[in-house]
Amino acid sequence: MPSITFELETVTPLFLAGADQNTAELRPPAFRGALRYWFRAIASSIITFDEVKKWEDKVFGSTDAGGNVIIRVQAQKAVSNCVIKRDNDFLGLAYLFFSTYGDKNQEPRGCFPPSSHFKLILQTRLGREEDSKALSLAIGAMWMLVNLGALGSRSNRGAGNLKVRKEPENNNNIQFKIRANNLTELSSELSQGIQKVKQIYQDVLSGKKQALTLPNHFEILDSQTASLYLWQSENIKDNDYWDNLLDSFGNIFRNFRLRYNKASSEDYKEIKHWLKTGDSTNIKTVKRAAFGLPLQFRFTSLPGKSASVLGTNKINRSSSPLRVRVIELPNQTVAILVIYFKIILLPDNQKLLLKSKNVHMPVELVTPNQDIIEQEFIPFITNLISVNI
């Protein structure tokens, strides 16, 4: 039966676990879920959402039937109890990885450290023509996962990044191994890879480019609905190590968002006034919520008082439209890839919910637009290089 084997290596810590969060475990369902995600991100710009669901079930399976592609993981060590300790000299990295360190109530999350090796195998069930098409789509999704995506906890903030150790056979003429040695070359290489994968999907799915609305309910990898950027630090030494570079980028991210915790920002002033008085007249929205939910507000000048921002109808989480990952180059330097998806923060007719145990009545607010990201955060980062989609 046709198959393809990927020899993979972790570039950054991989926090992937089952029920026991303290022990990292290589689990095929996690890879299947990530491949589904990237399948949808590509296919949704080519065929309708109903057709995407049918093809996704055909390739990866549904609750009623298995898919045409089987996913297997092989490793000498399929579990790991390694942990990443918080280092106060790396506040930017701690900002990005905050939930993995543990606290007095929770142990640190187990992970596979950088340079861990394992294999992932994609294999068809029967070898029919439709199975061959399904395998081609899965291989395309795998390129996206390895070069644009990540796995596990904090995968949107630089954890769980992978690379291919050697070019796999039967790879549909897609180049998996990064060959670029600078950002300009990397931008071109990623753009060519994306176009190659999209062409394969176009050929297999036989679809026409869909009319896309902005923002969208789902992450779609298209020039209308997403933007990709590459970045390296001005401090050349930071570009030699994944943790130094993530720390440097994390500090930029942290410093930008802290601007909205200062007394001069609208978010800060209005929520603090609400906590003190219960008056929400001047609060229209919370701009920082565009980066994802939930949000927490605490004020040193108001000890014992705090506020949280969620969604209405018990929507407690909404993912960030920003994805941050580390790419390792052949010259032993690293680069940051930033992906910005133009997605809707909350489902239609839902609002932000500002609540606090210190204020009797919660407040419903309109959801913010993404101007804070497009017009403020992206320009805040210097030396970004765009990647054409």
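Up top is the structure.
Everything quoted here is computed from the prediction, not taken from an experiment. (Residues numbered from 1 in each chain as written. Predicted model: local features only at pLDDT ≥ 70, side-chain atom pairs only at ≥ 80, totals over all residues. Heavy atoms only, no water.)

## Digging into the environment of glycine 140
Phase 1 of the analysis: Secondary-structure assignment places glycine 140 in helix α4 (residues 129-147).
Phase 2 of the analysis: You can call glycine 140 buried: its relative accessible area is 0%.
Phase 3 of the analysis: Residues glycine 140 and valine 366, 226 residues apart in the sequence, show an inter-C-alpha distance of 38 Å.
Phase 4 of the analysis: Not counting residues within four places of it along the chain, the set of residues in contact with glycine 140 comprises Ile42, Ile174, Val197 and Tyr201. (Helix = DSSP H or I, 4+ residues; strand = E, 2+ residues; numbered from the N terminus. Buried < 20%, exposed > 50% of the residue type's maximum accessible area, 1.4 Å probe, protein only. Contact = heavy atoms within 4.5 Å.)

## Remarks on the environment of leucine 93
Phase 1 of the analysis: Looking at where leucine 93 falls in the secondary structure, it is placed in helix α3 (residues 91-96).
Phase 2 of the analysis: Taking the C-alpha atoms as reference, leucine 93 lies 9.8 Å from arginine 254; in sequence the two are 161 residues apart.
Phase 3 of the analysis: For leucine 93, the contacting residues outside a window of four places in its chain are Tyr101, Trp242, Asp243, Leu246 and Asp247.

## Here we look at helix α8 (residues 371-380)
Structurally, the α-helix is built with 3.6 residues per turn, so residues lying three or four positions apart point the same way.
Phase 1 of the analysis: Those residues of α8 lying buried are Ile372, Ile373, Phe377 and Ile378. Taken around the axis of α8, the buried residues stretch over an arc of 135°, which confines them to a single face. Those residues of α8 that are exposed and angled more than 90 degrees off the buried face are Gln375 and Pro379.
Phase 2 of the analysis: Looking at the packing, one finds that the buried side of α8 touches β7 (226-231), α6 (242-258), β10 (322-328) and β11 (334-341). (Arc of directions from axis to C-beta.)

## As for the sheet that holds strand β13 (residues 363-365)
Phase 1 of the analysis: The strand order across the open sheet formed by four strands is β8-β9-β12-β13, and the pairing between neighbours is antiparallel. Of all strands in the sheet, those with a lone pairing partner are β8 (295-298) and β13, marking the two edges. Recorded for the sheet is a direction-independent mean angle of 20° between the axes of neighbouring strands.
Phase 2 of the analysis: Packed onto the sheet, helix α7 (residues 266-277) meets β8, β9 (306-311), β12 (352-355) and β13 and runs at close to 110° relative to β9. (Pairing = 2+ DSSP bridges. Axes fitted to C-alpha atoms, helices over the stretch in contact; angles between N-to-C directions.)

## Details of the pattern of salt bridges
Phase 1 of the analysis: The tally for this structure, following the rule as stated, stands at ten salt bridges.
Phase 2 of the analysis: Here lysine 166 and glutamate 7 are joined by a salt bridge, their closest N and O atoms 3.6 Å apart. A residue pair is termed long-range when its members are at least 10 positions apart, and lysine 166 in the loop between β6 (162-164) and α5 (183-205) and glutamate 7 in strand β1 (residues 3-10) qualify at 159 residues.
Phase 3 of the analysis: Put simply, arginine 323 and glutamate 219 hold a salt bridge, and the shortest N to O gap is 2.5 Å. Taken together, the residues arginine 323 in strand β10 and glutamate 219 in the loop between α5 and β7 connect sequence positions 104 residues apart. As far as the burial class goes, arginine 323 and glutamate 219 line up, both buried.
Phase 4 of the analysis: When salt bridges that share partners are traced, they join Arg36, Arg40 and Glu56 into one network. (Salt bridge = Lys/Arg side-chain N within 4 Å of Asp/Glu carboxyl O.)

## So, the packing of α4 against α5
Phase 1 of the analysis: With their axes 10 Å apart at the nearest point, α4 and α5 run at an angle of 160° to one another. The angle between α4 and α5 falls in the class roughly antiparallel. Our pair here, α4 against α5, has a crossing hand that is left-handed. Contacts between α4 and α5 pair Lys133, Ser136, Leu137, Gly140, Ala141, Trp143, Met144 and Asn147 from the former with Leu190, Gly193, Ile194, Val197, Ile200, Tyr201, Val204 and Leu205 from the latter.
Phase 2 of the analysis: Considering only residue class, the contact of α4 with α5 consists of eleven nonpolar, four polar and one charged. (Parallel < 35°, antiparallel > 145°, perpendicular 65-115°, else oblique. Left-handed = near helix turned anticlockwise from the far one by under 90°. Nonpolar A, V, L, I, M, F, W, Y, C, P; charged D, E, K, R; others polar.)

## Examining the sheet that holds β1
Phase 1 of the analysis: Strand order in the open sheet made by the four strands is β3-β5-β1-β6, with antiparallel pairing throughout. The open sheet has two edge strands, β3 (69-74) and β6, and neither has a second partner. Pairwise comparison of adjacent strand axes, ignoring direction, gives a mean angle of 30° for this sheet.
Phase 2 of the analysis: Pairing of β3 with strand β5 (residues 117-124), which is carried by six bridges, proceeds in the antiparallel orientation. In the strand pairing of β5, glutamine 74 is matched with lysine 119.
Phase 3 of the analysis: Contacts between helix α1 (residues 28-43) and the sheet are confined to β3, β5 and β6, with β3 contributing the most and set at about 130° to the helix.

## With respect to the packing of aromatic side chains
Phase 1 of the analysis: Enumeration according to the criterion identifies 18 aromatic pairs in this entry.
Phase 2 of the analysis: Aromatic side chains phenylalanine 39 and phenylalanine 60 sit 6.1 Å apart centroid to centroid with 80° between the ring planes, which places their arrangement in the edge-to-face category. Placement of the pair is phenylalanine 39 in helix α1 and phenylalanine 60 in helix α2 (residues 49-60), with a sequence separation of 21 residues.
Phase 3 of the analysis: For phenylalanine 39, a relative accessible area of 0% gives the class buried.
Phase 4 of the analysis: What makes phenylalanine 60 buried here is its relative accessible area of 4%.
Phase 5 of the analysis: Note on tyrosine 95 and phenylalanine 253: the rings are 6.0 Å apart at their centroids and 80° apart in plane angle, and the pair reads as edge-to-face. (Phe/Tyr/Trp six-rings, centres within 6.5 Å; stacked < 30°, edge-to-face > 60°.)

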